[in-house]
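Fold and contact review
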Amino acid sequence: MTGPAAEAAAVRREFQRIHGRAPEGGWAAPGRVNLIGEHTDYNDGFALPMALPQTTVLAAGRRDDGLLRLHSAQGDGRVTELAVADLAPGRVSGWARYPAGVVWALRERGLPVGGADVHLDSTVPAGAGLSSSAALECALAVAYDELYALRLPRPELARVAQHAENAFAGVPCGVMDQMASVCCAEGRALYLDSRSLEVRQVPFDLTGHGLRLLVLDTRVAHDLADGAYAALRAGCERAAGLLGLAALRDLSEADLAGALAGLPRDLAPLVRHVVTENARVGRAVERLTAGEPEALGPLLTAGHASLRDDYRVSCPEADLAVESAVAAGALGARMTGGGFGGSVIALVPAAAAGSVARAVTAAFAAVGFAPPAVLEAVPSAGARRIG
Ligand code: ADP
Ligand code: MG
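What counts, and at which threshold
Residues numbered from 1 in each chain as written. Chains lettered and ligands numbered in written order. Predicted model: local features only at pLDDT ≥ 70, side-chain atom pairs only at ≥ 80, totals over all residues. Heavy atoms only, no water. Phe/Tyr/Trp six-rings, centres within 6.5 Å; stacked < 30°, edge-to-face > 60°. Helix = DSSP H or I, 4+ residues; strand = E, 2+ residues; numbered from the N terminus. Buried < 20%, exposed > 50% of the residue type's maximum accessible area, 1.4 Å probe, protein only. Contact = heavy atoms within 4.5 Å. Disulfide = S-S within 2.5 Å. Near = heavy atom within 4 Å. Polar contact = N/O pair within 3.5 Å; in protein donor to acceptor, adjacent residues only side chain to side chain. Areas by Shrake-Rupley, 256 points an atom, 1.4 Å probe, with all protein chains shown as cover. Nonpolar A, V, L, I, M, F, W, Y, C, P; charged D, E, K, R; others polar. Pairing = 2+ DSSP bridges. Axes fitted to C-alpha atoms, helices over the stretch in contact; angles between N-to-C directions.

For the structure shown, the criterion picks out five aromatic pairs. Relative to Tyr229, the ring of Tyr42 lies with its centre 5.5 Å away and its plane at 65°, an arrangement referred to as edge-to-face. Here the residue Tyr42 occupies a position in the loop between strand 1 (25-34) and strand 2 (46-47), and Tyr229 occupies one in helix 6 (residues 227-242), the gap between them amounting to 187 residues. You'll find Tyr42 and Tyr229 in the same group, each marked buried. Centroid distance Trp104 to Phe168: 5.4 Å. Interplanar angle 40°. Geometry classified as tilted. One end of the pair, Trp104, is in helix 2 (residues 97-108); the other, Phe168, is in helix 4 (residues 154-168), and 64 residues separate them in sequence. Pair check on accessibility: Trp104 and Phe168 agree, each one buried.

If you want it as structure tokens, here you go:
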């Protein structure tokens, strides 16, 4: 037996071994790549992520003594035991702050949730910019939603998970990763309006168009909890304030040149990135809706240049991956995720997938970078019950 059923059975078996009882259910939530629309979510803007086949799977069962007992196959082998009533930001460290943060965030909303035994296992590489943190939060959020009969709408679950990551785990991320993990659908990209949390499922048929989407993990660890991400976010908020806007989402491409002229030199490039990036998302959605996924290529590469030169969140490894992929026949490529390392996506004709991956690996070797890990991004389903 292979596939989802085997995966569900395996996580339930392991739960039984760790916790000495049967779980009440199993759930899965995916990692994501963002096709276009980077650093736009916290500016109330637009993004176009898709879920990966790589997921975090989780088995859980309620406890009536108010304890949250967490175990991860990727953890240190121990069960982390926390009293739900005592959860507060700053009191939990390490990986457990992501799932514990979700339970805390649900209680912050006044929802009647108690303890649980939890075991989880993941195929989403951690720290690769593929949002293993959101996959973990969202797997726990959908499990709790069902176990405690909360019946929250999916965007609400994403908000809870984001609140957990912001306030409890200390990472000032936007809402895109969590929305992708809970709302994506197989064979689709998710057109997300980060202000209203409205979404549209956009057809993204790679195989039907002879295309593949490669993920090149540069293996450069990023750490969004450090100050750089927060500083960028603060810079955008300051610029919006100077322009008299609620958020940079409210500045159109037509008004960009005028706005830039009046901004301090350190803020103007940030604003240019956000405004042009929102416009690229719009164009990408138009092309996909017209059934022309190959037209994404130049938008990806233009997005990378903007992240590299204006937003300045790329790194030499990501730049080299993009350049060498495009030189070897990719239709376009860009860093995905928050930056400072992480992964690059490359849209390639199916026949060129192997040669592009080899070219990037060779380019890395030539300058002494560690070899990238290569995955394939297949548009997959969002968070779900698995057994
Ligand atoms: P990304 O979300 O891009 O993978 P982050 O730094 O945001 O990177 O999140 C990675 C962190 O999330 C890990 O360092 C770990 O603390 C936590 N994490 C993610 N998946 C797991 C897992 N399966 N088990 C334990 N911790 C996990
Ligand atoms: Mg993350």
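This brings us to the side chain of Ser133. Relative to the helices and strands, Ser133 resides in helix 3 (residues 132-147). For Ser133, a relative accessible area of 17% gives the class buried. If we skip the residues at most four places from it in the chain, Ser133 touches Tyr98 and Glu165.

Within the structure shown, the criterion is met by zero disulfides. The thiol of Cys173 is unpaired, and the distance to the nearest cysteine sulfur, on Cys138, comes to 9.9 Å. We classify Cys173 as buried; its relative accessible area is 4%. Looking at Cys315, it has no disulfide partner, and the nearest cysteine sulfur is the one in Cys236, 20 Å off.

This brings us to the side chain of His71. Along the polypeptide, His71 turns up in strand 4 (residues 67-72). By relative accessible area, which is 7% here, His71 ends up buried. What His71 contacts, discounting residues up to four positions off in sequence, is Ile18, His19, Gly77, Arg78, Val79, Trp95, Val118, His119 and Leu120.

Moving on: the site of ligand 1. Contacts to ligand 1 come from 17 residues, most closely from Ser72, Gln74, Gly127, Ser132 and Ser133. A distance of 2.7 Å separates a nitrogen atom of ligand 1 from a polar atom in the side chain of Ser72. Taking Gly127, its main chain carries an N or O atom lying 2.8 Å from an oxygen atom of ligand 1. A total of 560 Å² of accessible area belongs to ligand 1 in isolation, and the protein chains cover 83% of it. The set of elements that each furnish at least two residues to the shell around ligand 1 consists of strand 6 (115-122) and helix 3. Considering each element in turn, the shell around ligand 1 owes the most residues, three residues, to helix 3. Looking at the shell around ligand 1 residue by residue, the classes come out as eight nonpolar, nine polar and no charged.

Okay, the environment of Leu300 next. Relative to the helices and strands, Leu300 resides in helix 9 (residues 296-311). Here Leu300 falls in the buried class, since its relative accessible area comes to 1%. Once residues within four sequence positions are removed from consideration, Leu300 is found in contact with Leu35, Ile36, Gly332, Ala333, Arg334, Ile345 and Leu347.

So, on to the sheet that holds strand 10 (residues 332-336). A sheet is described by the order of its strands in space; here four strands give the open sequence 10-11-9-12, paired in antiparallel fashion. Here the strands that pair on one side only, and so sit at the sheet edges, are strand 10 and strand 12 (373-376). Each strand of the sheet is rotated relative to its neighbour by a mean of 25°, with strand direction disregarded. Pairing of strand 9 (residues 211-217) with strand 12, which is carried by four bridges, proceeds in the antiparallel orientation. Residue Leu216 lies in a different strand from strand 12, and its bridge partner there is Val374. Contacting strand 10 and strand 11 (343-349), helix 9 crosses the sheet at an angle of about 45° to strand 10.

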